[in-house]
Amino acid sequence: MAGWPQGSAWEGFVARWQAACAEDAVLAEWRQGVAVRFAIVSGEARAVFAFGGATGPEAFALEATPEIWAKHLEPIPPRHHHAIFAMRHRVPGFRVTGEEMDFLRHCHLARRVLEIGRWLVLRGNGPVPAFPRPSLPAAPQADPIGRYLDVKADGRDWRIYAEQAGQGRDLLVLHTAGADNRQAHGLMADARITKDWRITAFDMPWHGKSPPPAEVPGAWRLTTDRYVEIIMGVVKAAGLKRPVLLGASMSGEICLEVALRHPEAFSAIIACEACDQVAGRRSPWADDPRINQAIFVPEWIHGLMAPQSPAECAAAIWWHYSQGGYATFDRDIGFYSGEWDARDRVHRIDTARCPLFMLTGEYDYSCTAEMSEATAAKIKGARFTRMNGIGHFPFTENPPLFAEYLLPILAEVQ
């Protein structure tokens, strides 16, 4: 493993790295109004980056052993070594030192500086693409038909925006925390699916085009009961007939809950990136007034994607999360990594009444493949598959690759 340049080559490399950062088009946009110094530390070697004329000690540093950095710098890093937050969460020996608030406010700068450093190690020169990932070949775009549904759930009326594409049997796709139904557009553009399946995807209340009630911004709360009732309300309002239910992350969790409560209403349930409990994923910074939510939230989730996921998809996910309503992501995560805990009941899921498939991407460091597999082992008849080359947003970050896992399941659904 090569890693960063060593010995006498280090200082020259750092100078090239700093110069590349000064010329980078992304950092040219992001550095406006910023004054911060931070360091990348590999063993005894140290590279310092300054923005906005900041002087004095570094506010924070990303520190790891040369062996850890060497894995990060591989052309395709092994899982959990591919991004700052992934390494911080799952790799012993990687740490962020210094002022936590300064790191969180400037984590996008640190991520971009690392991307530029990787590019120089792997490619030798710039310019560095905004999302240095592989690209998808030109593909058809989704052309869904949208409408509003009147849904009764949780003792009140909701106005829910939904889109549909395709024909045939029903497939209901649920979006992840803080996102919206655009996450289903990759599947909606895949003729292999839409020739036999009518895909429906909707925006949860307070998300996307579903309007919030006239309440205080930030008043949204997601609970298990409310979530299940909204899903069942959409099934009824949209006239879906025993659809296949597909979700990921928080919507993967609720798929397991629906499998418990309403198995007869679905032909099959596909729970992605889900397990019976995900602890420790709610960040107190997601609605902190000192943090720019439009930057921090997409950066918090950026490392959940696999490094192989196409640039076009990664850019779309980053942008979707930058557009989320105030505190919506945080309130959703309150469900995902707080209110929902099914450790005492997932074993009661009856797969004879409704088949259950569990799929998790190898690069998901929030709900790891091991966590999902352990949950599937508690459920008689549940079928688990680890998805290689995929992260936490399977049908959004790499729709063609995810379809290779989805199509065989749809082919066997009765």
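The numbers attached to residues start from 1 for each chain and follow its sequence in the written order. In keeping with the predicted nature of the model, local features appear solely for residues at pLDDT of at least 70, side-chain atom pairs appear and are counted solely at 80 or more, and the whole-chain, interface and lining totals rest on all residues. Side-chain figures throughout are based on the complete set of non-hydrogen atoms in the structure, without hydrogens or water.

- If you look the protein up in an unreviewed UniProt entry, it shows as Alpha/beta hydrolase from Roseomonas nitratireducens.

1. Topic: the nonpolar core
Working step 1: Counting 111 residues, the largest nonpolar core has W17, F38, L62, F202, I231 and F266 as the members making the most contacts within it.
Working step 2: For this core, the leading source of residues is helix α6 (residues 107-123), giving eight residues.
Working step 3: Sequence-distant contacts of F266, defined by excluding residues within four places in its chain, comprise I231, M232, V235, R242, P243, L245, V258 and C354.
Working step 4: Residues V173, A268, F402 and I409 belong to the second largest nonpolar core, which totals 27 residues. Among the buried residues, those of types Ala, Val, Leu, Ile, Met, Phe, Trp, Tyr and Cys that are joined through side-chain atoms within 4.5 Å form a nonpolar core. Three labels apply to residues, based on accessible area from a 1.4 Å probe with only protein chains included: buried if under 20% of the type maximum, exposed if over 50%, partly exposed otherwise in between. Helix and strand definitions here come from DSSP, where helices need a minimum of 4 consecutive H or I residues and strands a minimum of 2 consecutive E residues; each element is numbered from the N-terminal end. Any two residues whose heavy atoms approach within 4.5 Å at even a single point are treated as in contact.

2. Quick notes on the pattern of salt bridges
Working step 1: Should a side-chain nitrogen of Lys or Arg be within 4 Å of a carboxyl oxygen of Asp or Glu, the pair is scored as a salt bridge. The tally for this structure, following the rule as stated, stands at 30 salt bridges.
Working step 2: With its nearest N and O atoms 2.7 Å apart, the salt bridge here joins D170 to R198. Of the two residues, D170 is situated in strand β7 (residues 169-173) and R198 in strand β8 (residues 197-202); the sequence distance between them amounts to 28 residues.
Working step 3: The class for R198 is partly exposed, based on a relative accessible area of 23%.
Working step 4: Where E264 meets R353, a salt bridge forms, and the shortest distance between an N and an O atom there is 3.5 Å. Placement of the pair is E264 in the loop between α10 (250-261) and β10 (268-272) and R353 in the loop between α13 (328-339) and β11 (356-361), with a sequence separation of 89 residues.
Working step 5: Judged by relative accessible area, which is 48%, R353 ranks as partly exposed.

3. Concerning helix α16 (residues 399-412)
Working step 1: When the terminal C-alpha atoms of α16 are compared, their 20 Å separation across 14 residues agrees well with the 20 Å that a helix rising 1.5 Å per residue should span.
Working step 2: The sharpest bend along α16 measures roughly 35° and falls at Y405, with the proline P408 sitting one to four residues further on.
Working step 3: By the burial criterion, the buried members of α16 are P399, F402, A403, L406, I409 and L410. What a helix should span is 1.5 Å times the count of its residues minus one. Working definition for bend: take the seven residues up to and ending at a residue and the seven starting at it, fit an axis to each, and measure the angle between the axes.

4. A word on helix α11 (residues 293-302)
For the α-helix, the turn length of 3.6 residues means that residues three or four positions removed from each other point alike.
Working step 1: Counting buried positions along α11 yields eight of 10 residues, so the element is predominantly enclosed.
Working step 2: All buried positions along α11 are accounted for by Q293, F296, V297, P298, E299, W300, I301 and H302.
Working step 3: Taken together, the buried residues of α11 touch α2 (25-30), α4 (84-90), α5 (100-105), α6, α12 (311-322) and α13.
Working step 4: Of the residues flanking the start of α11, the one acting as N-cap is N292, its side-chain oxygen 3.0 Å from the backbone nitrogen of A294. Contacts described as polar in this section are N or O atom pairs within 3.5 Å, which, within protein, must combine one atom able to donate a hydrogen with one able to accept it, while residues neighboring in sequence count only if both atoms come from side chains.

5. Structural notes on the pairing of strand β2 (residues 45-51)
Working step 1: By definition, two strands form a pair when at least two bridges between them are found by DSSP. The pairing of strand β1 (residues 36-42) with β2 spans seven bridges and is antiparallel. Note that in β2 the partner of F38 across the bridge is F49.
Working step 2: What sits between β1 and β2 in their antiparallel hairpin is a turn of two residues, with G43 showing a positive phi close to 65°.

6. Regarding the environment of H89
Working step 1: Looking at the element boundaries, H89 is found in helix α4.
Working step 2: According to the relative accessible area criterion, H89 is partly exposed, its value standing at 33%.
Working step 3: Sequence separation between H89 and G280 is 191 residues, and the spatial gap between their C-alpha atoms is 9.7 Å.

7. Comments concerning the UniProt feature "domain: AB hydrolase-1" (unreviewed entry) in the protein
Working step 1: UniProt positions are given in the numbering used here, feature names are shortened, and annotations may be inferred rather than shown by experiment. On the UniProt side, "domain: AB hydrolase-1" (unreviewed entry) is annotated at positions that read residues 173-399 here.
Working step 2: Along residues 173-399 one finds 36% helix and 12% strand; the C-alpha atoms at either end are 13 Å apart.

8. Regarding the packing of helix α9 (residues 224-237) against α10
Working step 1: The axes are straight lines fitted to the C-alpha atoms, using for helices just the contacting stretch, and the angles between their N-to-C directions are given from 0 to 180°. With their axes 10 Å apart at the nearest point, α9 and α10 run at an angle of 80° to one another. Here α9 is positioned roughly perpendicular relative to α10, judged by the angle of their axes. In this structure, α9 uses T224, D225, Y227, V228 and I231 to contact α10, whose residues at the interface are M250, S251, I254, E257, V258 and R261.
Working step 2: Grouping the amino acids of the contact of α9 with α10 by side-chain chemistry returns six nonpolar, two polar and three charged. Geometric relationships in this document are graded by angle, where less than 35 degrees denotes roughly parallel, more than 145 denotes roughly antiparallel, 65 to 115 denotes roughly perpendicular, and other angles denote oblique. Each residue is assigned to one class: nonpolar for Ala, Val, Leu, Ile, Met, Phe, Trp, Tyr, Cys and Pro, charged for Asp, Glu, Lys and Arg, and polar for all the others, Gly among them.

9. A look at the side chain of R331
Working step 1: By secondary structure assignment, the location of R331 is in helix α13.
Working step 2: Residue class for R331 comes out buried when judged on its relative accessible area of 12%.
Working step 3: Among all residues touching R331, those that are not within four sequence positions of it are G218, W220, R221, L222, R282 and D287.

10. Things to note about the sheet that holds strand β9 (residues 244-248)
Working step 1: With mixed pairing, the eight strands of this open sheet are ordered in space as β5-β6-β8-β7-β9-β10-β11-β12. A strand with exactly one partner marks an edge of an open sheet, and here the two such strands are β5 (145-153) and β12 (383-387). Going from strand to strand, the sheet's axes swing by 25° on average, the running direction of each strand aside.
Working step 2: As paired elements, β11 and β12 share five bridges and run parallel to each other. Note on β12: the bridge partner recorded for M358 is F384.
Working step 3: The strands touched by α10 within the sheet are β9, β10 and β11, with β9 carrying the most contacts at an inclination of about 140°.

11. So, the sheet that holds β2
In a beta sheet, neighbouring strands are held together by backbone hydrogen bonds and run either parallel or antiparallel to one another.
Working step 1: Taken in spatial order, the four strands make up an open sheet running β2-β1-β3-β4, and their pairing is mixed. Here the strands that pair on one side only, and so sit at the sheet edges, are β2 and β4 (95-98). Strand-to-strand twist in this sheet, taken as the mean axis angle between neighbours without regard to direction, amounts to 20°.
Working step 2: Pairing analysis gives four bridges linking strand β3 (residues 60-64) to β4, with the strands arranged antiparallel. Bridge pairing in β4 links F60 to G98.
Working step 3: Lying on the sheet, helix α1 (residues 9-23) is in contact with β1 and β2; it crosses β2 at an angle near 20°.

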